[in-house]
2 protein chains.
Amino acid sequence: MDPRQADPIERLIHELKKLPGIGRKTATRMAYMLLGKQADLAQSLAEALTYAKQHVHECRLCGNLSARNPCPICEDPRRSAQVICVTENVSDLLAIESSGEFSGTYHVLGGALSPLNGIGPAELRIPVLVERLQQGETKELILATSSTVDGDTTALYLAKIAAPFKVKVTRIASGIPSGSDLEYLDRVTIGRALSGRAELSS
Amino acid sequence: MDPRQADPIERLIHELKKLPGIGRKTATRMAYMLLGKQADLAQSLAEALTYAKQHVHECRLCGNLSARNPCPICEDPRRSAQVICVTENVSDLLAIESSGEFSGTYHVLGGALSPLNGIGPAELRIPVLVERLQQGETKELILATSSTVDGDTTALYLAKIAAPFKVKVTRIASGIPSGSDLEYLDRVTIGRALSGRAELSS
């Protein structure tokens, strides 16, 4: 049955269930809360969704989501356009921003290469990245795709793509997460932390 | 600052954060997911919210939320109108429905009495309950308010209110939840389970 013709409460639960990490039980609780006492909540959430949908777009340079185009990061004169950090999605960009350790610009791919799922370079924002490299301003490309098979594949592919442009290509470090105990980590992580070891300056 | 004038993404995060159990981090993830790849999701969720808001109302009899008024439970001829189960909110009604153990009708109060928070009988759907009792059809009133101080207070108050109508007033059992280990339960629960013990027929 088309959910649009279903019971309005069922339809709302059906939509809420699509949110990340939300199962049927939580979606039901949310739906009844939205329709219950706090009567304005459903209305204001609907308005915020419509408003955001109308005003938020992909930045034409980096692919970040923002109400401005180019986005505030690309437009910020204090950020170096010579260093581009490549991430799979906007959430990863936000995670790096929250570290406060990066003052360059970004390039959001919109996913990782995954030949098995039919995701090739043309499905990602790789052509736009090539255009940015062609302008010749870039000095370093930091590959911050995730530490998964697809993320590693994507990083290797981008390193090959970037080679003709004579830019420095780096990959973010893989190793032990800060604050974690060695005994609880998987052996791949430990193996990578060992092979990526760095000398301590005394 | 009025959140309506804020950045559209911030405003959406602000609204999502009002959902039960959703903190800033999850709200941010939801917002970027809604605005990202799956472009239709924000739109269809906004539509489902508006549609539900327009079509879902409190049942004039029991207070259940439904697109019909009276709600399907009150209208179902197989359900006994002689037994009324009183719950604090619609989620509790749904929980009882999902047990499949109840074939009467409901009465949703919309909360529990809480003098400290200024919630008296007039703030709840208690006057409507009195009207239903006055019609003389009710034979049993099952008090299924929660097992908290406020829930117990509400149950005692309703028992007093119902006394003149000569209906049987019962309180749902308090005891050990099914499948749980005694050693992990609090002493109030264990105390209530002991004092509410029932004889096993052999």
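Here's what I pulled together on the structure shown here. (Residues numbered from 1 in each chain as written. Chains lettered and ligands numbered in written order. Predicted model: local features only at pLDDT ≥ 70, side-chain atom pairs only at ≥ 80, totals over all residues. Heavy atoms only, no water.)

**Here's the deal with the side chain of Glu15 of chain B**
Next up, step 1: Within the element layout of this structure, Glu15 of chain B appears in helix H1 (residues 8–16).
Next up, step 2: With near-sequence residues (within four places) excluded, Glu15 of chain B lies in contact with Leu41, Ser44, Leu45 and Ala48 of chain A. (Helix = DSSP H or I, 4+ residues; strand = E, 2+ residues; numbered from the N terminus. Contact = heavy atoms within 4.5 Å.)

**So, the interface of chain A and chain B**
Next up, step 1: In this complex, chain A contributes 45 residues to the contact, which on the side of chain B involves 45 residues.
Next up, step 2: Roughly 4300 Å² is buried in total at the junction of chain A and chain B, and carbon and sulfur atoms are behind 72% of that figure.
Next up, step 3: The three residues of chain A that bury the most area against chain B are Tyr32, Leu49 and Lys53 of chain A, which together make up 15% of that side's buried surface.
Next up, step 4: Counting across the chain A and chain B interface gives two residue pairs in polar contact (both at pLDDT 80 or more).
Next up, step 5: Looking at the side of chain A that touches chain B, the elements that each hand over two or more residues are helix H1 (8–16), helix H2 (24–35), helix H3 (40–55), strand E2 (65–66) and helix H5 (90–99) of chain A.
Next up, step 6: The element contributing the most residues to the side of chain A that touches chain B is H3 of chain A, with 14 residues.
Next up, step 7: Within the side of chain A that touches chain B, the residues separate by chemical class into 27 nonpolar, eight polar and ten charged. (Buried area = accessible area lost by both parts, 1.4 Å probe. Polar contact = N/O pair within 3.5 Å; in protein donor to acceptor, adjacent residues only side chain to side chain. Nonpolar A, V, L, I, M, F, W, Y, C, P; charged D, E, K, R; others polar.)

**Remarks on the sheet that holds strand E3 (residues 80–87) of chain B**
Residues and elements named next belong to chain B.
Next up, step 1: Read across the open sheet, the four strands follow the order E4-E3-E5-E6; overall the sheet is parallel. One side of each edge strand has no neighbouring strand; the edge strands of this open sheet are strand E4 (104–108) and strand E6 (168–171). Direction aside, the axes of adjacent strands within the sheet are offset by 25 degrees on average.
Next up, step 2: Pairing analysis gives four bridges linking strand E5 (residues 140–143) to E6, with the strands arranged parallel. Bridge assignment links Leu141 to a residue of E6, and that residue is Val169.
Next up, step 3: Contacts from helix H5 (residues 90–99) reach E3 and E4 within the one sheet, and its direction differs from that of E4 by about 160 degrees.
Next up, step 4: Seen against the sheet, helix H7 (residues 149–162) touches E3, E5 and E6 and runs at an angle of roughly 175 degrees to E6. (Pairing = 2+ DSSP bridges. Axes fitted to C-alpha atoms, helices over the stretch in contact; angles between N-to-C directions.)

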